[in-house]
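The chain contents come next:
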Amino acid sequence: MRSVFLRKTMKVKCPVCGKETEYSPANPYRPFCSEVCRTADLGSWASDEYVIHGEPGSAMNLSPEEYEAAAEHTREVAAKKERSRK
Ligand SMILES: [Zn+2]
């Protein structure tokens, strides 16, 4: 488990709304910008369509590059679901 993120403040984009948010212990909703986005995205992160290294919920241990790729993937999955619903 990597803890490099906890050493300094890092900005990441909220995977739900794309807003820049703090990826740090100061943000209890990380990697999301708020409780609203975290709740909205729970389904995607827990889904079997979205698995990081075979470990659901391991997003907190990702490197910035991995996080960005995963967040991008999450947005794509969410967009596809949104389209298939209509
Ligand atoms: Zn957000």
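Worth saying up front: this structure is predicted, and the values here are computed from it rather than measured. (Residues numbered from 1 in each chain as written. Predicted model: local features only at pLDDT ≥ 70, side-chain atom pairs only at ≥ 80, totals over all residues.)

Draft legend 1. Spotlight on the overall build of the chain. For the chain, the count of helices and strands is two helices and two strands. Along the chain direction, N to C, the helices and strands of the chain fall in the order β-β-α-α. A total of 86 residues make up the chain; the buried ones form 20% of that total. Long-range contacts, defined here as pairs at least 24 residues apart, represent 30% of the contacts in the chain between residues at least 6 apart. (Helix = DSSP H or I, 4+ residues; strand = E, 2+ residues; numbered from the N terminus. Buried ≥ 20, exposed ≤ 12 C-beta atoms within 10 Å, placed from the backbone. Contact = placed C-beta atoms within 7 Å.)

Draft legend 2. Geometry of the nonpolar core. Val12, Tyr23, Tyr67, Ala70 and Ala71 form the largest nonpolar core, which has five residues in total. The dominant element in this core, judged by the number of residues it contributes, is helix 2 (residues 64–85), at three residues. (Core = buried A, V, L, I, M, F, W, Y, C linked by C-beta atoms within 7 Å.)

Draft legend 3. Main features of unusual backbone geometry. In this model, Arg30 is joined to Pro31 through a cis peptide bond whose omega is 5°. In this structure, Pro31 sits in the loop between strand 2 (20–22) and helix 1 (35–46).

Draft legend 4. Layout of helix 2. Its 22 residues place the ends of helix 2 31 Å apart at the C-alpha level, agreeing with the 32 Å of an ideal helix rising 1.5 Å per residue. When we look at burial in helix 2, the residues that qualify are Tyr67, Ala70, Ala71 and Thr74. All buried residues of helix 2 lie within an arc of 105° about the axis, which places them on one face of the element. Set apart from the buried face of helix 2 by more than 90 degrees, the exposed residues are Glu65, Glu72, Glu76, Ala79, Lys80, Arg83 and Ser84. (Expected span 1.5 Å × (residues − 1). Arc of directions from axis to C-beta.)

Draft legend 5. Layout of the environment of Thr39. Here Thr39 lies in helix 1. Along the backbone, Thr39 and Tyr29 are ten residues apart, and their C-alpha atoms lie at a distance of 9.4 Å.

Draft legend 6. Main features of the confidence of the model for the chain. For the chain, per-residue confidence averages 74 on the pLDDT scale, and 65% of positions sit at 70 or higher. The secondary structure element of the chain with the lowest average pLDDT is helix 1, at 73, and the one with the highest is strand 2, at 91. (pLDDT = per-residue confidence, 0-100.)

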